[in-house]
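Topology and contacts: notes
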Amino acid sequence: MKTLKQVLDERREKAETPERMDFIDVIVSELNKQNPALSENLALNVLFLMIFASFETTSSGLTAALKFLSDNPKALQELEEEHQQIRERRADPDTGVTWEEYKSMKLTSHVINESLRLANVAPVLFRKATQDVHIKGYTIPEGWIVMICPPAVHLNPTTYEDPSVFNPWRWKDLSEPVGGSKDFIAKLNAWSYNELVRASL
Ligand code: HEM
C-alpha cells in the first residue's frame, strides 16, 4: 500500500494529462475533480484490489491450465484442432478472435472450466449474515461470517465423477445449456443475497 501511495502521489504531482491514460491516470483524474467519487483511501484500495484480483488469479489459473494440458496430450491435441479450424475459416489468419469464434470454442471453455475447477484459484470466500439466515434446516445467526470453500464443492465426487482427474469433456454435460455448473466457482461467486453480503476478515 505504501508503494501504491507513492505511485499515486507521483502521478498526482504531474501537471499534464498523458495522451494515453492507464488505470492509475483515470483514478488520478477522478481524484483531481472538485467532488471526486472516491477518497484517496478508497482509490488505493481499488488499485490494490485490481492488481490482486486480476494478476494473482489469471497467472495461477493459466499456469495450472498449461500444466494440465501438458500432462494430457489428447486434450491438447483436440484444443489445437479447435483453434486451427477457426484459423482456417478466416480470411486473414492473424486477425483477433471474434465474438462468434469465441462462442464456438466449446472445448476451450471446457478446458478453462476444468482447469479452474481443479486449480481452485480462490480457495475461500467470505459472506457476512446481515440478519438470521435459514438454509436447509440450519440457521446462520446475524453477524456471523460464513466461509465458503469452493474446493469442497469442486472436488465433490457426487457432482464430479473422479473429481481429481482432469477431464474437460465432463463439461459437455455439466455446462449445457447455461454455460456453467451451479456447483462451480463462477456460480458460487454470485452467491450473495440481501442477507449474506461480501465480507473480509
Ligand atoms: C481465473 C481468473 C479469476 C478468478 C478465478 C476470479 C475469481 C474471483 C472470485 C471467486 C471473486 C469473488 C470474491 C468474493 O466474493 O469474496 C472475484 C471477485 C472479483 N474479481 Fe475476480 N477472478 C479472476 C479474474 C479477475 C480479473 C482478471 C479481474 C480484473 C481485471 C478480476 C476482478 C475482480 C473484482 C474487481 C472482484 C470483486 C467484485 C465485487 O466485489 O463485486 N478478477 N473474482
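For the structure given in this document, a descriptive report is provided here. The residue numbering used here restarts from 1 in each chain and proceeds along that chain's sequence as written. In keeping with the model being predicted, local features are shown solely for residues with a pLDDT of at least 70 and side-chain atom pairs are shown and tallied solely at 80 or more, while totals for entire chains, interfaces and linings include all residues. Values reported for side chains reflect all heavy atoms of the structure, with hydrogen atoms and water molecules removed beforehand.

1. Digging into the nonpolar core
Among the nonpolar cores identified, the biggest contains 10 residues, and these are Leu4, Leu8, Ile24, Ile27, Val28, Leu31, Leu38, Ala43, Leu44 and Leu47. Under the DSSP-based scheme used, a helix requires at least four consecutive residues in state H or I and a strand at least two consecutive residues in state E, with every element numbered from the N terminus. Mapped onto this core, the elements with two or more residues apiece are α1 (2-13), α2 (23-31) and α3 (40-70). Per-element tally for this core: the top contributor is α2, with 4 residues. Every residue in contact with Leu4, bar those within four places of it in the chain, is listed here: Leu44, Leu47, Phe48 and Ile51. Working definition of a nonpolar core: buried Ala, Val, Leu, Ile, Met, Phe, Trp, Tyr and Cys residues. They are joined through side-chain atoms within 4.5 Å. Each residue gets one of three labels from its accessible area relative to the maximum for its type: buried under 20%, exposed over 50%, partly exposed in between, using a 1.4 Å probe on protein chains only. The next biggest cluster of nonpolar side chains, apart from the first, holds 9 residues, and it includes Phe68, Ala75, Leu79 and Phe166. Throughout, a contact is declared for two residues whenever any of their heavy atoms are within 4.5 Å.

2. Let's talk about helix α6 (residues 106-119)
Given 3.6 residues to a turn, an α-helix orients residues that are three or four positions apart in the same direction. Taking 1.5 Å per residue, 14 residues should reach 20 Å; α6 reaches 20 Å between its end C-alpha atoms and fits that length. Its buried side turned inward, α6 meets α3, α4 (73-89), α7 (150-154) and α8 (171-174). After α6 finishes, the residue Asn120 shows a positive phi value of roughly 45°. A helix is expected to span 1.5 Å for every residue after the first.

3. Some points on the pattern of salt bridges
Put simply, a salt bridge is a Lys or Arg side-chain nitrogen that is within 4 Å of an Asp or Glu carboxyl oxygen. One pass over the structure, following the stated rule, counts 13 salt bridges. Across the pair Glu101 and Arg90 runs a salt bridge whose closest N-O atoms are separated by 2.6 Å. Here Arg90 lies in the loop between α4 and α5 (99-104) and Glu101 lies in helix α5, a separation of 11 residues in the sequence. Of the two residues examined, Glu101 and Arg90, each falls in the buried class. Three or more residues joined by partner-sharing salt bridges are found here, namely Lys5, Asp9, Arg12 and Glu40.

4. With respect to the pairing of strand β4 (residues 145-148)
Where burial is concerned, the two faces of β4 differ: the one with Val146 and Ile148 is buried and the one with Ile145 and Met147 is not. Sheet topology places strand β1 (residues 125-129) next to β4; 4 bridges connect them, and they run antiparallel. Considered in β4, the bridge of Arg127 is made with Val146. Here, strands pair whenever DSSP counts at least two bridges between them.

5. Observations regarding the packing of α2 against α3
Running from N to C, α2 and α3 cross one another at 165°; their axes reach a closest spacing of 11 Å. The angle between α2 and α3 falls in the class roughly antiparallel. Every pair of crossing elements has a handedness; the one defined by α2 and α3 is right-handed. Contact residues: Phe23, Ile24, Ile27 and Leu31 in α2; Glu40, Ala43, Val46, Leu47 and Met50 in α3. Split by residue class, the contact of α2 with α3 holds 8 nonpolar, no polar and 1 charged. Every axis corresponds to a line fitted to the C-alpha atoms, with the helix fit spanning only the stretch in contact, and the corresponding angles, defined between N-to-C directions, vary from 0 to 180 degrees. Roughly parallel refers to an angle under 35 degrees, roughly antiparallel to one over 145, roughly perpendicular to one between 65 and 115, and oblique to any angle outside these ranges. Helix crossings get a hand from a simple test, with the near helix turned counterclockwise from the far one by less than a right angle marking a left-handed crossing and a clockwise turn marking a right-handed one. Ten residues, namely Ala, Val, Leu, Ile, Met, Phe, Trp, Tyr, Cys and Pro, are considered nonpolar, four, namely Asp, Glu, Lys and Arg, are considered charged, and the remaining ones, Gly among them, are considered polar.

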